[in-house]
Structures are given as C-alpha cells and as structure tokens.
Amino acid sequence: MSSHRVLKISRPERSSFYWSWRVVPHVLIMNVVEPYEPVQHHWFYNQQTDSKDSWQPFSREDSQRLEEAYSRVGKKEKDEVVVATDGRRYDVRLRERQRYSVYWEQKPAEVRRCSWFHKGNKDLNYTPYSEDLSDFLEDAYMIAMTLNEWKQNVELPTGDTVILHNPKLMMQYPSSCKEFPPSPNERTQPRTLKRGTENIPVEIPEGEPEMVDHLVFMVHGIGPACDIRLRGIVQCVNEFRNASNSLLKSHFRQSEGSCIIGRVEYLPVNWHKVLHGETIGVDKDIERITLPSISRLRQFSNDTVLDLFFYNSATYCQTIVDTVASEINRLHSLFLQRHPDFTGHASLVGHSLGSLILFDLLTNQETDADGTPHELREDAHVDPGCGSYESLEEVLKGHGLEEHLNTLHREQMDMESLMLCSEKDLKDIGIPLGPRKKMMNCVKKWKHSRSGSGHAAKNETHSPSLGMRNEHHTPTTSAVDYQHFDVGIGQVSIDYPQLAFHPQAFFAMGSPIGMFLIVRGLKRIDPNYSFPTCKSFYNIFHPFDPVAYRIEPMILPQDMDLPPMLIPHHKGRKRMHLELKEGLTRVSSDLLGSLRMVWQSISQVPAPALAEGGISSMTPTDEAEVSPMEQEERNFPKVGTLNRGRRIDFVLQETPIESFNEYLFAIQSHLCYWESEDTALLVLREIYGNIPARNTNF
C-alpha cells in the first residue's frame, strides 16, 4: 500500500487547501501527456423558480464584459463596479455579486463566476459550485494534470470527498462515505463533476444587438397572471421579446444598403400591482365583504374579474389610467437615460383590458404643444362660467354661436330642451361638428352648476366615450354624470394624463374594445376619426378568443361584410389543415359549378348571337400573376383612418389541435398572444415597414 502525505498549496488570491496524494519515488514531469490549460470562466445568475434555484448563463457578450470588469476590480478596492447586461435591462453589481432589474421590481439574483459544476442522479441541470470551491477544485485539477496522477481523493471543506478518476470522470461523494470506492450496498448518491461550460449541456445565449431601433410598451389585462402558465407580465414580455429577436434573425435581412437592423425593446407596464397594493387598499375592503365559501374561486374572482368593474368606476378608473400613463412615461424616460443614442420611435401593445385602457388613453391625447385638443374631442377650453347663463341666447352669444340661434328657435328650443338633446339631435337639425361640441360641453357644465354637483370644468378633458370623474379619488354614493353623444351614453369622466411621446402604432391583442364601445352607446366609429397622436391601429385576435371583438364593422357600412385579415404563419402561408380545408371547399365548389354549367348547356337553346363571336368579351386579359394574399389586399376597400386606411382586424390561424374543439381551447386562445410568433412578426412588419422580410407572405 502506498504511503500518503498531506500537502498544503497556497496561491495568491486563492484559498489554501489540503489534498492527499500518493508518494511517487520518481520525477513525473516527463510523464505529462498534455499541458494544463486554465479553465474558461462563464458568468451565471440564479433565477429562482418556485423557491428552487435555477442557474442561467449570461450571454457570451455579457459574460465577457463581466469578466473584463472582474479583472479591474482589484484596482478599485472601494468603488462598486456596475455592468449593464441583458440589453441594459439589468445591472450587475460586481462586488455584491447581485443582478438588479432596472425597469421593474424584482428580487435581486445571485451572480457567480463559474467554472466547475455538479449534478445529482435526479437533477435535470448542472449547478455551479461557489467561486471558492471552484478555485479549490481547479487547483486540485491543475496538480493532477501537471503530475499526470489521477484517482486521487480530494477532501472538500464541506467534508465531502471528490475522486478525480481522469479529466473526463470526476465524482463527489457525501461525507457519510467512509470507503472509496463505496461499497455497492451502501446507500450513497454520488454527484457528477464537470469542468467548464463546454462539458455540460447548457445553451448559452448569443446576446442581443446593442442598437435599439424601436421601443414597445406592453400593458397587461385583468389579474396578475397573463398566460395559461400563470406567469406574470414580466415573464410574458420576456417570451415575446425572445420570439421577436428570433424572427428578426430569421425573417429580416440584416443589411439593406445602409440600413442595419438592430432590435426592438419590449418593456412591461404593470398596473394591477398598484391597484391591488396597500396604498389603494381596495383588496382589504373587498376581503371584508367576501363570503368564506368556495374561497379559491372567490379569490380568483377578486383578483381578476373585479378589475373590469374597477375600470368602470369613477374612482378606480382614474387610478388605473394614471398608473398606466405614469408608468409608461417613467419607463420611457428611464430608457432614454440608458440609451442616449436612441433615435427611434415607440409603440404600444395592450392585451385584453389593457388594450381598452390604451384605447381610451390615446383617444384623449392632445396633438399640439399648446394643448389644443383634437377636432373630434370636446373643447376643453370652453369658458367654465357657462353654468351662470340662464337663457339660450346668453349661452350662444357668450361663445360666439349666435349664428345658430335661428336654427334652434325654428325647432322651438330653449335652454331646458337643449339640456335634453343628444349630439345626434343637434346633428340632425344641421348644427356643424365644432359648434355642436361646444354646445354639448357647455350644457353639461351648466347642468352641473345648477345641480350643485359640478367639478372644476377647466381641469377636465372629455372624449366621445367619457363622463365626469370623482375629483378626490374617494368612494361616493352621489350620482355620477354621464356624457351623452350620438347614441346612448358614454363612460364616466376622468382626467386623462398625456403621454410623453407620440406612439407610432397601437396593437390590441384579444381586445374587447368593440364591445365596450357598443355598451357605452357608441354604435359607429366615424370613418374620418383617428387617434390624435397615433396613426396606426391593429386589432389582433385568435378566432376562438371569447373576449375579443372586431372593430372594422363599426367603421364600414352595415351592408358590407368584410372578413378579418388572415395573419400568415411565420413559416409561410397558411397552416396545412387550413390549406386542406380551403382546398376541399374550393374543389366542392368547382364541382358544383361545373355540374351547374353542364345542366344549363343542356337545358338552354343555343342563341345565334353566341355563334357570331359574342363570347369575345369573356376572353381573359393578360395580367401578372400575383399571390392570393396580394390579390386579396388589392380588393380591400379603405377602412376608415384609424390605421391610415389600411385593414384593422387581423385574425390568427388556429393550430390543428385547436381546430378539433374550439370550446376546449377558448381560454387558452385568449392567453396565446405572448407566445405567438405570428403576432410578433406582424408587430415587426409594422415597425420596420419597407425593410424586406423573408419567409412570409405579407
């Protein structure tokens, strides 16, 4: 039996350790098979999931930046070194070894400089050792390589023992093991050791382009969970961002002349957390009146469905809108600070109720720097003293509308009858749009002044779907005033904040906007109406989504039946089962048409005119062959101005399994957009415009 001795090895900036090895009476330098090469370190962060550790690698670019900063830490003994990672969405504080989110609240994650990894028999992934243990094992490995001596027992500071069998086989045994190798009867669970990321199955991200071409804010719908896996808005936006980055690489040419494509940044906007937080206190109020039975179902209802009622409350609607707008502006400002060279535009994406919030917000934006409202919004600068007028003549003269006095007198109208009129009534008697809006606004304020329930009119901004708001954001049982329009009534009025930028486009996913407009009494959207500050609007929905509604039928004439625009699959054209269904339908239609023509030719007597060249008009003209999608787009009429005359409603293609039972996948279809590559590709097509894309039939 060979004798053993304990050797202590010390290195600068490394922990001292002890390890045992066999005494060899000869010099072993000549027996070294291959030279020792230092291990390549890679940086990881601990992304905990359900209180379980999940170590994820940084991208190669981020890891290299962290390694370069690590090499400079020694020169700055007191100063913290901060490295921006993940597209500048996170900051790593190198001395703390912590990763902090920049744009949203998230628990800091531990960061490690990794080189050695271990995995148990039941583990799915390799876990990195601590940096001290990694250095410990690297020193042992270096000596074994230099001396070409393997099958050595290395005792770890934790009491466990590592056996270095060879460079490819290294095992760690728990401290309970007394014999090595352990006997087959002993219940031990050794762990496999690997050195370097090249020896473990891990996918290291390639990283994101530094240049950001466009910024997109994504607003969630009801409840804290956004998809079928009950993930929050941050995780879902991360999923959408990853899909967008993959599509940019696969579908868009990376260079078109002098145009180089960077990437699109997507940032989550979370309003649910503020509404249900301790500051507002609504959850505690609701909890006091919630019945104890079926507690889980009631809790789910309180967290999700109640958000719809909150948004239709004069009190909490103001809170929701203020939160969304202020959060968007905060994120926009912070993004510009971290990307000072950014020269692109920004867009908005809203899912479910989030799309309705954005729709109302965009409807109430101002176009001019001096605060002049859009022509289709009520005049917010009407004299607030109109409530003091007691006669129709005084009201009209006080606002320069005396030229319409004869028209109103012809209809035998006074101030009381004017108060009962809707905007449609005034339109029917020939009052133009501008004066009509002024009259309706002044009448509303006059009513509030007389009833003693008016608010400071000069602080209010209204649109064709809004009414009065509770000024102090406190619950009240007093009557809430509604704004009357062409048909029905509108939404309760609140003070809409302004965004710090003009969005390029607004994308609504699984949106109930159309339904809410109908409920508010707005049956039609003026074809000439567009958002004051946003020129593009896309209504995207899954065909089985129970929450989604169309927009185009509210703009087009009622006798026009225009199906929604089918979004091509991101791999090209239609899904196979849809092609098959359409093909069978076409074949059956052609067959019936052929049979009908044969029957007509038999039953009809030939006309002499047909023999004299009457069929010349049926000769087809020579036209360039175009794809079905292009031909379909050519036949589309102009659909209002909400999307600059282009189509608004876009429908996704259901998957083959979804087509078997649309009811079974109804809920999933409302939550599918975050993972939909087809949706992401449609967003990219709007953002990048004329830049050519591959593998798509848009």
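Residues numbered from 1 in each chain as written. Predicted model: local features only at pLDDT ≥ 70, side-chain atom pairs only at ≥ 80, totals over all residues. Heavy atoms only, no water.

A. Up close: the environment of S417. When you line up the elements, S417 lands in helix α12 (residues 415-419). When its relative accessible area of 23% is taken as the criterion, S417 is described as partly exposed. For the pair S417 and L392, spaced 25 residues apart in sequence, the C-alpha to C-alpha distance is 9.8 Å. (Helix = DSSP H or I, 4+ residues; strand = E, 2+ residues; numbered from the N terminus. Buried < 20%, exposed > 50% of the residue type's maximum accessible area, 1.4 Å probe, protein only.)

B. Quick look at the sheet that holds strand β21 (residues 537-541). In spatial order, the strands read β18-β15-β19-β20-β21-β23-β22; together these 7 strands make up an open sheet with parallel pairing. Edge positions in the open sheet fall to β18 (263-269) and β22 (565-566), since each of these has one partner strand only. As paired strands, strand β15 (residues 212-219) and β18 are joined by 7 bridges and run parallel to one another. Its bridge partner being in β18, L215 is matched across the sheet by E265. Running over the sheet, helix α3 (residues 233-251) touches β15 and β18 and is turned about 170° from β18. The strands touched by helix α20 (residues 677-688) within the sheet are β15, β18, β20 (506-509), β21 and β23 (649-651), with β18 carrying the most contacts at an inclination of about 115°. (Pairing = 2+ DSSP bridges. Contact = heavy atoms within 4.5 Å. Axes fitted to C-alpha atoms, helices over the stretch in contact; angles between N-to-C directions.)

C. Just the pairing of strand β7 (residues 98-101), in detail. Residues R99 and S101 line the buried face of β7, whereas the alternating positions Q98 and Y100 sit on a face that is not buried. Of the strand pairs in this sheet, strand β6 (residues 90-93) and β7 are connected by 4 bridges, and their pairing is antiparallel. Its bridge partner lying in β7, V92 is registered against R99. Adjacent in sequence and paired antiparallel, β6 and β7 are bridged by 4 residues, among which R97 carries a positive phi angle near 60°. Here β7 pairs with strand β8 (residues 109-114) via 2 bridges, running antiparallel. The residue of β8 that forms the bridge with R99 is A109.

D. Local environment of the packing of α3 against α20. Between α3 and α20, whose axes approach to 9 Å, the crossing angle comes to 65°. Judged by the sense of rotation from one axis to the other, the crossing of α3 with α20 is right-handed. Residues F240, A243, S244, L247, L248 and H251 of α3 lie in contact with α20, whose contacting residues are E677, T679, A680, L681, V683, L684 and Y688. Taken together, the residues that form the contact of α3 with α20 break down as 9 nonpolar, 3 polar and 1 charged. (Left-handed = near helix turned anticlockwise from the far one by under 90°. Nonpolar A, V, L, I, M, F, W, Y, C, P; charged D, E, K, R; others polar.)

E. Here's a closer look at the nonpolar core. Among the nonpolar cores identified, the biggest contains 96 residues, and F217, I328 and F506 are the most heavily contacted of them. Looking at this core, the element that brings in the most residues is helix α8 (residues 314-338), giving 9 residues. Split by domain, the residues of this core number at least three in each of domain 1 (42-195) and domain 2 (212-365 + 496-583 + 630-688). With 17 residues, the next largest nonpolar core counts L396, C421, I431 and M440 among its residues. (Core = buried A, V, L, I, M, F, W, Y, C linked by side-chain atoms within 4.5 Å. Domains from an automatic or database assignment.)

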